[in-house]
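# Per-entry structural report
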Amino acid sequence: MNEKIILSRALTTPRDGCGPLLQGSGENAFSLRQQVFEYVRAHGQAARADITTALGISPGSATTLTADLITSGFLREFEGRARETGRGRPKVGLEVVPNAAYVIGIKLAFNRHTAVLADFAGKVIADASFPSGDTRRPMAQLLQETQNLVDRLLKESGISPSDIKAMGIGMPGIIDHSTGTVAWSSLLEVRNEDLTAAFSERFGMPLLLDNDANMLTLAELWFGEGRAMSDFAVVTVESGVGMGLVLRNQLYRGAHGMGLELGHTKVQLDGALCQCGQRGCLEAYVADYALIREAATALGHSFDTSKNPEDVLATLFERAKSGHTAAETIFRRAGKYLSLGLSNVVQLFDPELIILSGERMQNDYFYAEEVLDTMEKLTLNEGRQSCRVAVNAWDDLVWARGASALALSSVTATLIDEMRAA
Ligand SMILES: [Zn+2]
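The following paragraphs examine the structure supplied in this document.

Conventions used here
One numbering rule holds for all chains: residues counted from 1, following each sequence as written. Local features in this predicted model are restricted to residues of pLDDT 70 or higher, and side-chain atom pairs are both shown and tallied only at a pLDDT of 80 or more, whereas totals for entire chains, interfaces and linings draw on every residue. The side-chain values count all of the structure's non-hydrogen atoms but skip hydrogen atoms and water molecules. The helix and strand labels rest on DSSP assignments: H or I over at least four residues marks a helix, E over at least two residues marks a strand, and numbering proceeds from the N terminus. A radius of gyration in this sense is built from C-alpha atoms; the matching globule rule multiplies 2.2 Å by the number of residues raised to 0.38. Classification of residues uses two cut-offs on accessible area relative to the type maximum, computed with a 1.4 Å probe and protein chains only: under 20% is buried, over 50% is exposed, and between them is partly exposed. Contacts between residues were defined by any pair of non-hydrogen atoms, one from each residue, lying within 4.5 Å. To be clear on the numbers: accessible area is Shrake-Rupley with a 1.4 Å probe, and residue cover counts the displayed protein chains and nothing else. Working convention for charge: Lys and Arg count positive, Asp and Glu count negative, and His plus the chain ends are omitted. For this purpose, a charge sits on NZ of Lys, CZ of Arg, CG of Asp or CD of Glu. Two strands are counted as paired when DSSP detects at least two bridges linking them. Any nitrogen, oxygen or sulfur atom within 2.8 Å of a metal ion counts as a donor, with the limit raised to 3.2 Å for Na, K and Ca, and since water is left out, coordination shells can look unfinished. Geometry is assigned from donor-metal-donor angles: four donors are tetrahedral when every angle falls between 85 and 135 degrees, four are square planar and six octahedral when opposite donors sit over 155 degrees apart with all other angles between 65 and 115, and any other arrangement is irregular.

## Details of the overall build of the chain
A count of helices and strands for the chain gives 12 helices and 16 strands. Relative to the 2.2 N^0.38 estimate, which gives 22 Å for 422 residues, the radius of gyration of the chain is 23 Å and therefore close to what a compact globule would have. Burial statistics for the chain: of 422 residues in total, 52% are counted as buried. Put simply, of all contacts in the chain between residues at least 6 apart along the chain, 63% involve residues at least 24 apart. Surface accessibility of the chain: about 18,400 Å² in total, with carbon and sulfur atoms responsible for 50%. Side-chain charges in the chain split into 40 positive and 51 negative, and the spacing between the mean points of these groups amounts to 3 Å.

This is the structure in structure tokens:
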């Protein structure tokens, strides 16, 4: 039986460090200089002796590499006492210089856009959020909405635009991270749009674009439960069903940056119509619009589905909770399809943990015992440990923080590469 775990919504503070605690190896390995930097950022504060031991390098190399990083203005020394007790001999340690660079992370979404401005240590300096509506829009409008978020962040933080070194954006849809192209998004009227080019030109800084589920997965990898885990998956349910996967300490995107579209895996041949235009996709049975469609059919005239989707779903949930059988069946049926999707994830990737997230996790039907039990039953468990499933309470800033991690990791690699070239 799968043990139900509810994760806390608190994310780590910069003092505890941020970023993956396990670093990539082989062809995914950072340069040694960046490994030193990432070690310090991940641990918040670190002594040279800890770096020497953790990275298996000589004390001489640790001294040279940290000296370079200090001269370049990325790390600084501090003299403190042991953190736990505040007593003992003062110890010289290293920490990230927070104002060495700033980044912006944005989640563009249905109903509400959110954004954060973070420093080089990963600390959020300012956040912003605007209602966004629920219709597809032209590109120019999406650019303007992003501009409003950026303006608000700059005003609130007092940081100069020239100190922002990159922007990370997560949005729903089928997005090629490597080319920065949006093949399709429920937010945009157009298809196959080179969003990165348009945004970089408008804001005059590098833009990293990815789908929103990857942003949430990065947030778990940088600030949450996944920091010390090498293989885990995140599954989100809201206006669509998203998935992110970390394999061997790295976000996995597939050969064309379009992998892990769990929501569009087929669970029924010629089944219900999905918002992508195809039929039988998982999200056509689980996502918000699927629930609303079912409600319109099953509850008929007694149910007004013309209101804002959030309100419609809140009403549907209230009815289900108060014992309305048809309403309850809608959630339980969607939960069953979710079990099917989760079981496929376990069967394909054998993750250590699946984190369920997204706004719909407010509806406990999606992580009911029944869902976890069905998932177990559908999975071949011979000789395999059950995959743990955890639920992360919904907090919209987490996605934007994941987008800031995308920007931070890109900025770090660029700055440290430039150092090497110099
Ligand atoms: Zn689909």
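## Points about the sheet that holds strand 10 (residues 193-194)
Each strand in a sheet pairs with another by means of backbone hydrogen bonds, the pair being arranged parallel or else antiparallel. Judged by pairing direction, the sheet is antiparallel, and its 3 strands sit side by side in the order 8-9-10 without closing on themselves. Only two strands of the sheet have a single neighbouring strand rather than two, namely strand 8 (174-176) and strand 10. Alignment of strand 9 (residues 181-184) against strand 10, held across 2 bridges, turns out to be antiparallel. Bridge assignment links T181 to a residue of strand 10, and that residue is D194.

## Examining the coordination of the zinc ion
Donor atoms from the polypeptide that bind the zinc ion are H264 (ND1), C274 (SG), C276 (SG) and C281 (SG), placed at 2.0 to 2.3 Å. Seen from the zinc ion, its 4 donor atoms lie at angles of 102 to 120 degrees, and the figure they make is tetrahedral. Of note, the zinc ion draws all its donor residues from one chain, in the sequence arrangement H-x9-C-x1-C-x4-C. With a relative accessible area of 5%, C274 lands in the buried category.

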